[in-house]
Amino acid sequence: PSESLTPRGRACAAFADGQPLIMGTIISDGWLAGLSLPEVCGWICLFLRERRIAQTAGEAARGELPSFSPALQEVYHATAELGEQLEVEFDTTLSKMMLDWCEKKDIGRVAGWLDAHMLGVFVKTVLRVVSYLDVTREVLLGLHEYELYNRLDHHTDLLLGGLVTNESLYLTMAD
């Protein structure tokens, strides 16, 4: 018997946490192929256990958060089906906040949804998404998914641009 991993096995093994079986399966089965970079960022947020953000922002942002595109909705359902098998539930609040961040780049908007002490948790989440995208891109190279690999290029600029600026360091809350 061969001791080497299947492509799906290598994809799952690449992730140290965040439900690696689900992440690796979705990636290796090609589910992310139809998503944009912001949508992949939002999908990754499904796996980040930041319940405090979901609880804090849930009500405040509910009407303002973007909806999932049909393509992202399809990937979410596939992810949730795998989650059911492993008894894992996913909250979409952080995913939608990340979509909003990627599209609007307005830290004041995000700050309006969170308690002031939670803003650092959001910044930490953005940094974790950068890290997960680095691993995801490595997995995509191993799967010869060059088109998606290239689409996820410049993820650091997308996620971090505007996050640490003079203006964002000194948030002004509206009276």
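This text gives an overview of the structure that appears in the document. Since the model is a prediction, treat every value here as computed from it, not as a measurement. (Residues numbered from 1 in each chain as written. Predicted model: local features only at pLDDT ≥ 70, side-chain atom pairs only at ≥ 80, totals over all residues. Heavy atoms only, no water.)

1. With respect to the nonpolar core
Working step 1: In terms of nonpolar packing, the biggest core is built from 56 residues, with W43, M98, F122 and L159 touching the most fellow members.
Working step 2: No other element matches helix α8 (residues 119–142), which puts 10 residues into this core.
Working step 3: Sequence-distant contacts of W43, that is, excluding residues within four places in its chain, are made with M23, I26, I27, L32, L72, V75 and T79. (Core = buried A, V, L, I, M, F, W, Y, C linked by side-chain atoms within 4.5 Å. Buried < 20%, exposed > 50% of the residue type's maximum accessible area, 1.4 Å probe, protein only. Helix = DSSP H or I, 4+ residues; strand = E, 2+ residues; numbered from the N terminus. Contact = heavy atoms within 4.5 Å.)

2. Side note on the layout of surface pockets
Vacant regions in the atomic arrangement are exposed by a probe of water-molecule size rolled over the atoms.
Working step 1: By volume, the second largest pocket is sized at about 200 Å³.
Working step 2: Lining the second largest pocket, in full, are C45, L46, L48, R49, E50, R51, A54, Q55, E89, F90, D91 and L94.
Working step 3: Element by element, the count of residues in the lining of the second largest pocket is highest for helix α4 (residues 51–61), at three residues.
Working step 4: For the lining of the second largest pocket, the residue count by class is six nonpolar, one polar and five charged. (1 Å grid on protein atoms, 1.4 Å probe; cavity = no way out; pocket = protein on both sides within 12 Å on 5 of 7 lines; lining within 4 Å. Points joined across faces, edges and corners; volume = space filled by probe spheres on them. Nonpolar A, V, L, I, M, F, W, Y, C, P; charged D, E, K, R; others polar.)

3. Here's the deal with the side chain of T136
Working step 1: With respect to the element layout, T136 can be found in helix α8.
Working step 2: Not counting residues up to four positions away in its chain, the partners in contact with T136 are F15, I27, I44 and L152.

4. A few points about the pattern of salt bridges
Oppositely charged side chains may form a pair once their charged atoms are brought near each other.
Working step 1: With the rule as written, the count across this model stands at six salt bridges.
Working step 2: Here R109 and E64 are joined by a salt bridge, their closest N and O atoms 3.5 Å apart. Taken as a pair, R109 in helix α7 (residues 107–113) and E64 in the loop between α4 and α5 (70–85) lie far apart in primary sequence, 45 residues in all.
Working step 3: Since its relative accessible area comes to 41%, E64 is described here as partly exposed.
Working step 4: A salt bridge links R151 to E147; the shortest N-O distance between them is 3.5 Å. Here R151 pairs with E147, and both are found in helix α9 (residues 146–151), just four residues apart, close to one helical turn.
Working step 5: Since its relative accessible area comes to 28%, R151 is described here as partly exposed. (Salt bridge = Lys/Arg side-chain N within 4 Å of Asp/Glu carboxyl O.)

5. Observations concerning the packing of aromatic side chains
Working step 1: Under the defined criterion, the tally for this structure stands at five aromatic pairs.
Working step 2: Seen in terms of ring centroids, F15 and Y132 are 6.3 Å apart; in terms of plane orientation they differ by 20 degrees. Their pairing is stacked. A residue pair is termed long-range when its members are at least 10 positions apart, and F15 in the loop between α1 (7–13) and α2 (20–28) and Y132 in helix α8 qualify at 117 residues. Like Y132, F15 is buried.
Working step 3: Ring centres of F47 and F90 lie 5.3 Å apart, and the angle between their planes is 75 degrees; this geometry places the pair in the edge-to-face category. Remark: F90 occurs in the loop between α5 and α6 (93–104) and F47 occurs in the loop between α3 (37–45) and α4; sequence separation between them is 43 residues. Taken individually, F47 and F90 each receive the classification buried, so the pair is uniform in this respect.
Working step 4: Aromatic rings pair up to connect W43, F47 and F90 into one cluster.
Working step 5: A cation over a ring is seen here: K96 above F68, with NZ or CZ 5.4 Å from the ring centre.
Working step 6: When the ring centre of Y149 is taken as origin, the NZ or CZ atom of R137, which lies over that ring, is 3.9 Å away. (Phe/Tyr/Trp six-rings, centres within 6.5 Å; stacked < 30°, edge-to-face > 60°. Lys NZ or Arg CZ within 6 Å of the ring centre and 35° of its normal.)

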